[in-house]
Every structure is written in C-alpha cells, then in structure tokens.
Amino acid sequence: MPTSEALIPIDVPLSSAGAPLPHVFADEGRLLIAYIVDSPDPSFDGTNPRSFSSVADDQSIAILTADPYLAFQFGPPNDEVISGHRLYGLGLRPYSAFEVLNSSWIASFEKANRVHPSHRPELFSGYRHMILTFHDSTLEFIAEGFSVSLHQGAVLATLLEAVGRR
C-alpha cells in the first residue's frame, strides 16, 4: 500500500507577500527561480501603496537553482484560491515553501517510465518534490536538490545574470 503524501516546510527565504514577482528560467538541464524576498520596510505605514517592478534595482532577490531537475509547473492557484490545491488539506499555505514527501507526482513519472526497457524504479528514488506558493501563482518542481543564493538588485536582471553563469 503506497504511503500517503505529506508536507514538510523547507528553509528558503520567504517571498514578499505583496509582489514577489517570481521569474522562471528553464532549459532541459537547469531550473532557476528568482523572486523578491520579504523584507519589511519599517518606514512603510501602510497608507501609500508601494509599487514593485521587475526592473527596480533595489530589491532583495532570492534565486533557487535546481541543476538538474526533472519537471516543473508554474501558474495557478494564487493565494486567494490555494484552498483548491490538492495538497491544501495537508497544510499547503500561501507565501510558503514545502517538500512533498511520498509525492504522487514523482510516482507518476516513475510509472510512465516503466515502458522503457532499461527502467529501474530506483532511478526516481533520489528526487524531491518542492512547492513554493506566491501571491499570484504556485511553482512546483522535482529535482534531486537545489541551492539558494541571495542578491540585491532587480529580479529580472539578477535572474538573467544567474542564467549567464554556468
């Protein structure tokens, strides 16, 4: 009998709850996710909404790099409908990051790969399923692991600079 999925929090910088502006770069080998980190401004009194831009160069930016990765998906649900996500009942919440233990998504890739003549289930045993929930989107990815780096600058420029590094 398969073991049930479970969520455990992962230690990554918290995304801005207002406008994290996540950006994603992926090719067949590498996945990079850049977003604005939650960094409260003590001078902000809540009366004048602040606007954020992917080209504003004074942001704290986190970049998660998975190299290699197996798969990713990016899009809905946003924070207003996160309760519709299949893992919400296990503790999935907005503005958070989790690892999915006993992932059915990883299991589906292993099952689909069984048609390959050289298939071995253990090829999938080292993969981890991660979920990052942002204000307007959710990102899930499967990789053996990932690294995190912090930067100061514009989210888009910082991501493009990281893409250029190999």
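Shown above is the structure to which this text applies.
Residues numbered from 1 in each chain as written. Predicted model: local features only at pLDDT ≥ 70, side-chain atom pairs only at ≥ 80, totals over all residues. Heavy atoms only, no water.

## Re the sheet that holds strand E8 (residues 138–143)
So, step 1. Ordered in space as E1-E6-E7-E8-E5, the five strands form an open sheet in which the pairing is antiparallel. Two strands lie at the open edges of the sheet, namely strand E1 (6–9) and strand E5 (69–75), each paired on one side alone. Averaged over all pairs of adjacent strands, the angle between strand axes in this sheet comes to 20°, irrespective of strand direction.
So, step 2. Note that strand E6 (residues 97–101) and strand E7 (residues 128–133) share four bridges and pair antiparallel. (Pairing = 2+ DSSP bridges. Helix = DSSP H or I, 4+ residues; strand = E, 2+ residues; numbered from the N terminus. Axes fitted to C-alpha atoms, helices over the stretch in contact; angles between N-to-C directions.)

## Topic: the sheet that holds strand E9 (residues 147–153)
Adjacent strands of a sheet pair through backbone hydrogen bonds, lying either parallel or antiparallel.
So, step 1. Spatial strand order, E2-E3-E4-E9: four strands in an open sheet with antiparallel pairing. Strand pairing shows two members of the sheet lacking a second neighbour, strand E2 (23–26) and E9, which therefore form its edges. Within this sheet the neighbouring strands show an average axis-to-axis angle of 20°, counted without direction.
So, step 2. Direction of pairing for strand E4 (residues 59–66) relative to E9: antiparallel, over a ladder of seven bridges. Bridging across to E9, Ile 63 finds its partner in Ser 149.

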